[in-house]
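Residues per chain, in single letters:
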Amino acid sequence: MSAGASRVVHVPADEKTPSYEQAREELTEVVRRLETGGLTLEQSIELWERGEKLAAVCEEWLQGARVKLAAAMARRAEPGSSHADDAPF
């Protein structure tokens, strides 16, 4: 891949949502490209919009993880739970 080549992966709307790691990696690349500059206004806007979508994907993954963690911690704290002495991880 040349120095000017893009590593940004565009996921069409009909494809599955990228993993948290994939979205985070692509978002990092989008930010790097925006910070580097040298883009047209149209390219910058397109990248910004893609970054917003990727940030939303990351937030969805993180919110899902928070919900799962809260549920696991609540189950662990239930009286009579056989997992009360288990470490959370």
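Everything below is about the structure printed above this text.
Because the structure is predicted, anything quoted here is derived from the model rather than measured. (Residues numbered from 1 in each chain as written. Predicted model: local features only at pLDDT ≥ 70, side-chain atom pairs only at ≥ 80, totals over all residues. Heavy atoms only, no water.)

J.: What am I meant to see in the environment of Leu54 here?
T.: Take Leu54: it is sitting in helix α2 (residues 41-77). Setting aside anything within four residues of it in sequence, one finds Leu54 in contact with Ala23, Glu26, Leu27 and Val30. (Helix = DSSP H or I, 4+ residues; strand = E, 2+ residues; numbered from the N terminus. Contact = heavy atoms within 4.5 Å.)

J.: I would appreciate a short explanation of the packing of helix α1 (residues 20-36) against α2 in the present structure.
T.: Working note: a packed helix pair is described by the angle between its axes plus the distance between those axes. Close contact between α1 and α2 brings their axes to 9 Å; oriented N to C, the two are set at 150°. As the angle between them shows, α1 and α2 are arranged roughly antiparallel. Note on packing geometry: the crossing formed by α1 with α2 is left-handed. Of α2, the residues touching α1 (which contributes Tyr20, Ala23, Arg24, Glu26, Leu27, Val30, Arg33 and Leu34) are Ser44, Leu47, Trp48, Arg50, Gly51, Leu54, Ala55, Val57, Cys58, Trp61 and Leu62. Looking at the contact of α1 with α2 residue by residue, the class counts come to 13 nonpolar, two polar and four charged. (Axes fitted to C-alpha atoms, helices over the stretch in contact; angles between N-to-C directions. Parallel < 35°, antiparallel > 145°, perpendicular 65-115°, else oblique. Left-handed = near helix turned anticlockwise from the far one by under 90°. Nonpolar A, V, L, I, M, F, W, Y, C, P; charged D, E, K, R; others polar.)

J.: Help me understand the nonpolar core, please; the structure alone is not making it clear to me.
T.: Counting residues in hydrophobic clusters, the biggest one holds six residues: Ala23, Val30, Leu47, Leu54, Val57 and Cys58. Broken down by secondary-structure element, the contributors of at least two residues to this core are α1 and α2. Once residues within four sequence positions are removed from consideration, Cys58 is found in contact with Tyr20, Ala23 and Arg24. (Core = buried A, V, L, I, M, F, W, Y, C linked by side-chain atoms within 4.5 Å. Buried < 20%, exposed > 50% of the residue type's maximum accessible area, 1.4 Å probe, protein only.)

J.: Just to check I follow, could you spell out the pattern of salt bridges for this structure?
T.: A side chain of one charge can pair with a side chain of the opposite charge if their charged atoms are brought near each other. Counted under the stated rule, the structure contains three salt bridges. The shortest N-O distance in the salt bridge between Arg32 and Glu29 comes to 2.6 Å. Taken together, the positions of Arg32 and Glu29, both in helix α1 and three residues apart, correspond to about one turn of that helix. Accessibility expressed as a relative area gives 8% for Glu29, which makes it buried. (Salt bridge = Lys/Arg side-chain N within 4 Å of Asp/Glu carboxyl O.)

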